[in-house]
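The primary structure of each chain is shown beneath.
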Amino acid sequence: MAKIPVKNVIVEMDGDEMTRIMWKLTKDKLIFPFLDIKCEYYDLGVEYRDKTDDQVTKDAASAIKKHGVGVKCATITPDEKRVVEYKLKKAWGSPNGTIRSILDGTVFRKPIIVKNIKPFVRTWKKPIVVARHAYGDIYKSSEMVVPGEGKTELVFTPKSGDKKSVVIHDFTGAGVIMGIHNTEKSIRAFAKTAITYAIAEKLPLWFGTKDTISKTYHGYFKRLFQEEVDKRQEDLKKAGVEYKYFLIDDAVAQVVKSEGGFVWACKNYDGDVMSDMVATGFGSLGMMTSVLLSPDGHYEYEAAHGTVQRHYYEHLKGNPTSTNSVATIFAWTGAITKRGELDKTPAVTDFARKMEEAVIETIEGGTMTKDLMAMAEPKPAKHASTEEFIDAIAARLQQKIAKNKEL
Ligand SMILES: NC(=O)c1ccc[n+]([C@@H]2O[C@H](COP(=O)([O-])OP(=O)(O)OC[C@H]3O[C@@H](n4cnc5c(N)ncnc54)[C@H](O)[C@@H]3O)[C@@H](O)[C@H]2O)c1
């Protein structure tokens, strides 16, 4: 079968554990047999990150800036346990955090909906797109354990002029503090990309913070977001897109009671937590797509879940696994679609669409991994293994492509 040529490079970032296994299966069975594709490969597996003192992560982010499109496998963010497990030099920072701080922008997470998987939240009928601000806050913080009695302060030292300070807390005993920041530029970029996305998709746009408590920090987000919305009033009106601001606790309550079908812009931490809640509410963490859209128009696609560590340990013991590869496959199809759009190669975007259809039809045809079984109606007699599921998609994709050739 002649392969479809992909004109320009996709930056490929390999990862860890079970997702690394699925990554290879996806490439070998679903991508490389069909596409003549040039991938610039970066190994973001934790061992190679450690070997390069994490330089590989920074190089991968720079490559995305150069080529415009990247696709990333899930990676371990090491903690002390992982440092021991993988004999690392230190607990390197989150690769996603590093990449996001270099690219900046907003992460859009959208659930993949299939007819025979019923959401846990009964009211949800349409996707809820979580637009997560991808810069700063606790992901670029400085923290300190306070050993005992003493005063802690926030201090601003301007290039010229007088210092400004506020007291954080007068400690009478031990405790802990954290300094977080964000920038006007990044918050405006977050608002702009979320607004642009909502207009393009013609979806209502929601945003929530806790500005009643954090009048300065959260209040700053609220004000800048509103200013960006005001600048795009005409476009929003034309697209029929309504902007709603909530207190974050009210937003959470409204989201759960809603039927979906909107973009939910979230501050960095809220987006981290709420996208897992939304993914699980719709069915599974394995059914959530994720793309980072930078203000400079660069795209990084990934699965929204982690490395599925527990399944990997079973895999290492030689036991069969049933890990859901849908989000990993959709990370690839997202990157391929975007590459095709930017390169103006419709055959490439068409291939990605066929692959997504093949995935959905495979599940709707009753072949699915264990995580989806509990919510499936009707329930299939048995679940597919990690490999069987990908093989079933490959077979369907082959059929689709062959059928297309006959027409
Ligand atoms: N984007 C990323 O790279 C990313 C995100 C989160 C966590 N992590 C890393 O992943 C590792 C494991 O973290 P975790 O356990 O908190 O998160 P996880 O997403 O790997 O797993 C959370 C839970 O969801 C289930 N799950 C997740 N994806 C699944 C899938 N595709 N199929 C079936 N079940 C699935 C897991 O079995 C587990 O019960 C950690 O080292 C963490 O640093 C990476």
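Definitions and limits used
- Residues numbered from 1 in each chain as written.
- Predicted model: local features only at pLDDT ≥ 70, side-chain atom pairs only at ≥ 80, totals over all residues.
- Domains from an automatic or database assignment.
- Near = placed C-beta within 6 Å.
- Nonpolar A, V, L, I, M, F, W, Y, C, P; charged D, E, K, R; others polar.
- Helix = DSSP H or I, 4+ residues; strand = E, 2+ residues; numbered from the N terminus.
- Expected span 1.5 Å × (residues − 1).
- Buried ≥ 20, exposed ≤ 12 C-beta atoms within 10 Å, placed from the backbone.
- Axes fitted to C-alpha atoms, helices over the stretch in contact; angles between N-to-C directions.
- Parallel < 35°, antiparallel > 145°, perpendicular 65-115°, else oblique.
- Contact = placed C-beta atoms within 7 Å.
- Pairing = 2+ DSSP bridges.
- Core = buried A, V, L, I, M, F, W, Y, C linked by C-beta atoms within 7 Å.

Next up on the list: the domain arrangement of the protein. Per the domain assignment, the segments of the protein are domain 1 (1-115 + 284-407), domain 2 (118-139 + 188-282) and domain 3 (142-179). The gap between the C-alpha centroids of domain 2 and domain 3 is 32 Å.

Near the ligand there are 17 residues, and of these Thr77, Gly286, His305, Gly306 and Asn324 occur at the shortest range. By residue class, the composition of the shell around the ligand is four nonpolar, ten polar and three charged.

Moving on, we get to helix 12 (residues 326-343). The terminal C-alpha atoms of helix 12 lie 25 Å apart, and with 18 residues this matches the ideal 26 Å at 1.5 Å per residue to within 8%. Counting buried positions over the 18 residues of helix 12 gives 15, a clear majority of the element. Just beyond helix 12, the residue with positive phi is Lys344, at close to 55°.

Between two packed helices, what matters for the description is the angle formed by their axes and the separation of those axes. Running from amino to carboxyl end, helix 1 (residues 17-31) crosses helix 11 (residues 309-316) at an angle of 70°, the nearest separation of the two axes being 7 Å. If you check the angle between helix 1 and helix 11, you find them roughly perpendicular. When helix 1 is examined against helix 11, the residues Glu17, Met18 and Ile21 are found in contact with a partner set consisting of Gln309, His311, Tyr312 and His315. Taken together, the residues of the contact of helix 1 with helix 11 sort by class into three nonpolar, three polar and one charged.

Sheet architecture is open: ten strands sit in the order 4-2-5-16-15-6-7-14-12-13, paired in mixed fashion. Each edge of the open sheet carries a strand with a single partner, namely strand 4 (39-43) and strand 13 (243-247). On average, each strand axis in the sheet is tilted by 20° relative to the strand beside it, whichever way the strands run. Two strands pair when backbone bridges link them, and strand 6 (residues 106-111) and strand 7 (residues 128-133) are joined in this way by four bridges, in the antiparallel orientation. Residue pairing in the sheet places Val107 in a bridge with Arg132 of strand 7.

A few words now on the nonpolar core. Within the largest apolar cluster, 98 residues are counted, with the highest numbers of intra-cluster contacts made by Leu205, Val263 and Trp264. With eight residues, helix 12 is the largest single contributor of residues to this core. Structurally, this core is a two-domain feature, drawing no fewer than three residues from each of domain 1 (1-115 + 284-407) and domain 2 (118-139 + 188-282). The residues touching Leu205, leaving out its near neighbours within four places in the chain, are Ala194, Ile195, Ala198, Val241, Tyr243, Phe262, Val263 and Ala265.

Within the secondary structure layout, Val256 lies in helix 9 (residues 248-257). On the neighbour-count criterion, Val256 (13 C-beta atoms within 10 Å) is partly exposed. C-alpha separation for the pair Val256 and Met277, spaced 21 residues apart in sequence, amounts to 9.9 Å.

This part takes up the pairing of strand 16 (residues 299-303). Within strand 16, five of the five residues are buried, which leaves the element mostly enclosed by the surrounding structure. Of the two faces of strand 16, the one holding Tyr299, Tyr301 and Ala303 and the one holding Glu300 and Glu302 are both buried throughout. Direction of pairing for strand 5 (residues 69-72) relative to strand 16: parallel, over a ladder of four bridges. Counted as the bridge partner of Val69 is Tyr299 from strand 16. Bridge analysis of strand 15 (residues 288-293) against strand 16 gives five bridges, and the strand direction is antiparallel. When the sheet's bridge partners are listed, Leu292 is paired in strand 16 with Glu300. Joining the antiparallel neighbours strand 15 and strand 16 is a turn of five residues, in which Gly297 adopts a positive phi near 85°.

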